[in-house]
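# Geometric and topological summary
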Amino acid sequence: MVNTMQMINILDDQTINKIAAGEVVERPVSVVKELTENAIDAGSTSVSIEIKGGGIDSIRVTDNGTGINREDIPLAFLRHATSKIHSAEDLAGISSLGFRGEALSSVASVSKVEVMTKTKDSILGYRYRISGGRELSFDEAGVPEGTTIIVKDLFYNTPARRKFLKSSATEGNYITELVEKLILSHPDISFKFTSDGRVRLASDGSGDIKACIYSVFGRQSVTAMTDIEYVSENCSITGFVGKPETARQNRNHELFFVNGRCVKSKILSQAVEEAYKPYLMLHKFPFVILYYDIPTELLDVNVHPAKTEIRFMEERLVSSVTITSVTEGITKKELISDALRQESEERVVPDMPEPFEHNLIKPSDKSPAPARIPTRESEISYSRPVSYPEGKPEQETLFKEGFLSEDNHSKHRIIGQVFDTYWIIEYEDKMYIIDQHAAHEKVLYERFSKQIVQNSVISQMISPPFIVTLSPSEEEVVRQYISEFAEIGFTIEHFGQKEYALSSVPVELFGMSPHDYFLSVLDDIAENRPNKQPAQIKDRIATMACKAAVKGNMRMSYTEADALISQLFTLDNPYNCPHGRPTVISFSQSDLEKLFKRIV
Ligand code: ADP
Ligand code: MG
């Protein structure tokens, strides 16, 4: 119990910084992270990181960025000194990696720091030394353009913290892992990482993500991954997804980069794992490297000082486009989903092998092609030895002579439709089930987006023009996206006051009236704005047009179903709808026989 009155002390800055350092600087890797992020923020194209003794003895980060102005050098080491934001409002639009202005002050309060820096405009460079938060010297120095920061004897003045550090080998490994992520997150910056005099990692800064994956994970990974790309207004994704055989035991290879920042995210992990669920055994985790481009106003990165956590304003959108694009990546040019594999995904019991469990692991086993025995001499050249090499040849074969190929169309036997939705077709030794809606949507989507991309949407004049009355926000959308509207076939002119005239409309209206179609596109853009990327707007238009079309057009005759199948042949990827769901699944005769327990 305190029974004498305690004096209240105002802590001095050095003490405050030392306490705050605990949040920012936990171990050597935190120092490397902060220094490197500063180098990146300074526009560097080349960054060298050298450590000794796992970074405990020394860390040296050299960059070729902007350098620091003479008068700013001591300021940079003050708490909350930053050149990156001016006020709280700026937090909403952060694009730099740093912004809290507490890294350098924290680092300098618990170590011995030396800075050498020179800006382009200054003839002279400077050398500044600060130790335990105390300025030691500030001199002119002949140094190259850019900044070098050397941090020695981390936690020399806080022995309690120093005791918590692990062995230098372990601390060094943390740094290696960090540099791997830095390389992957900034393909356009060349990094060199040296530990105790040995070069551990290097990247060339060529901008090629594949080259970065190669530097970090080696050759095999590159060949076992498929690239994905997904453009939409509020969330675009590019990157690579591993084939199921690249799966890992933990989440360390689920790598997410949001606007250039490597982040951890439950939302993203869950989405990716959901997409892989049909392809992975229990307790296995996918290998993915995904780059997100999301408008900064839809993100909150200021969750934690280390800034590795992130909040999405539109969690559901981010999650669903992740599932869609990853699924599309895994199944790209892939074979038709096997109905039994899908059915069994819910009950993967590793210690009780299912008769068809091989389907869970090797998607290449699903190919109907290898099971096929060539019947005509002309076909024999396509056939291959029984033991297939992994990969592509089967896919090519499937594409040339599989179910969805024009040549084999005549061998299809359309059995009929069930539930107003599914068409059953027999072809060779398999039964195929096509989801009419998914297939239709896919056909329209691919056709329409191609037209949009190639600027070949055909439009027709209408006379007299349609007059539409727009609200102020709708007007804004029309004005902002007038050229995109033109590219998809709408000619719009101001007609006075709130009225606009539609004088030409697309020929293909997806079963809607020109007026309805125009307004639904408009609504959709208005609702999902704001976005500047015309490509994303166009993609959006294509998607919504197709959805609307499919909704309004359910009934289908045999002839129409047959025509739909023919259209599927022409697609780049006929196997999945734009949302990643399969368009076609298949049962082989033996699959059915297993279900009926004729064979085990
Ligand atoms: P923050 O990065 O959050 O702004 P820091 O404490 O990490 O805060 O850095 C403080 C300031 O020092 C930065 O805002 C920047 O102006 C300057 N700075 C730090 N490192 C560099 C560097 N490598 N090149 C250029 N300027 C730097
Ligand atoms: Mg910083």
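Figured I'd write up the structure that's included with this text. (Residues numbered from 1 in each chain as written. Chains lettered and ligands numbered in written order. Predicted model: local features only at pLDDT ≥ 70, side-chain atom pairs only at ≥ 80, totals over all residues. Heavy atoms only, no water.)

### Quick look at the pattern of salt bridges
Scanning all chains against the criterion turns up ten salt bridges. Among the ionic pairs, Glu171 bridges to Arg27, the shortest N-O distance being 2.8 Å. Here the residue Glu171 occupies a position in helix α6 (residues 168–185), and Arg27 occupies one in the loop between α1 (13–24) and α2 (28–41), the gap between them amounting to 144 residues. For the pair Glu171 and Arg27, a shared accessibility class is recorded, and that class is buried. For Lys33, the salt bridge goes to Glu37, with nearest N and O atoms at 3.0 Å. You can see Lys33 and its partner Glu37 sitting in helix α2, four residues apart, about one turn around the helix. With a relative accessible area of 16%, Lys33 lands in the buried category. Given the relative accessible area of 7%, Glu37 is considered buried. Because the salt bridges share partners, they merge into one network encompassing Glu26, Arg27 and Glu171. (Salt bridge = Lys/Arg side-chain N within 4 Å of Asp/Glu carboxyl O. Helix = DSSP H or I, 4+ residues; strand = E, 2+ residues; numbered from the N terminus. Buried < 20%, exposed > 50% of the residue type's maximum accessible area, 1.4 Å probe, protein only.)

### Quick notes on the packing of α2 against α6
A pair of packed helices is captured by two measures, namely the crossing angle of their axes and the spacing between those axes. Here α2 crosses α6 at 25 degrees, and the two axes come no closer than 9 Å. With respect to α6, the element α2 is oriented roughly parallel. With respect to the hand of their crossing, α2 and α6 are arranged in right-handed fashion. Within the contact between the two elements, α2 uses Pro28, Val29, Val32, Lys33, Thr36 and Ile40 and α6 uses Glu171, Tyr174, Ile175, Leu178 and Leu182. (Axes fitted to C-alpha atoms, helices over the stretch in contact; angles between N-to-C directions. Parallel < 35°, antiparallel > 145°, perpendicular 65-115°, else oblique. Left-handed = near helix turned anticlockwise from the far one by under 90°. Contact = heavy atoms within 4.5 Å.)

### As for the packing of helix α9 (residues 266–276) against helix α10 (residues 315–330)
Following both chains from N to C, one finds α9 and α10 inclined at 35 degrees, their axes separated by 8 Å at the closest point. Where α9 crosses over α10, the handedness of that crossing is right-handed. Contacts between α9 and α10 involve Ile267, Leu268, Ala271, Val272, Glu274, Ala275 and Tyr276 on the former and, on the latter, Glu315, Val318, Ser319, Thr322, Ile323, Val326, Thr327 and Ile330. Taken together, the residues that form the contact of α9 with α10 break down as ten nonpolar, three polar and two charged. (Nonpolar A, V, L, I, M, F, W, Y, C, P; charged D, E, K, R; others polar.)

### Details of the side chain of Ser504
Along the chain, the position of Ser504 falls in strand β22 (residues 499–506). Within the structure, Ser504 has its side chain in polar contact with the side chain of Thr491 (distance 2.4 Å). When near neighbours in sequence (up to four residues on either side) are disregarded, Ser504 contacts Ser459, Gln460, Met461, Ile462, Gly489, Phe490 and Thr491. (Polar contact = N/O pair within 3.5 Å; in protein donor to acceptor, adjacent residues only side chain to side chain.)

### Some details on the environment of Tyr156
Along the chain, Tyr156 turns up in the loop between β6 (146–152) and α5 (159–163). On the basis of relative accessibility, which here comes to 34%, the residue Tyr156 falls in the partly exposed class. In the structure, Tyr156 is positioned 47 residues away from Ser109 in sequence and 10.0 Å away in space, judged by C-alpha atoms. The residues contacting Tyr156, other than those within four sequence positions of it, are Val110, Ser111, Lys112, Ser131, Gly132 and Arg162.

### Here's the deal with the side chain of Thr119
Position of Thr119 among the secondary structure elements: in the loop between β3 (112–118) and β4 (125–131). A relative accessible area of 9% places Thr119 in the buried class. In terms of polar contacts, Thr119 uses its side chain to reach the backbone amide nitrogen of Ser122, at 3.4 Å. If we skip the residues at most four places from it in the chain, Thr119 touches Thr66, Gly67, Ile68, Asn69 and Glu145.

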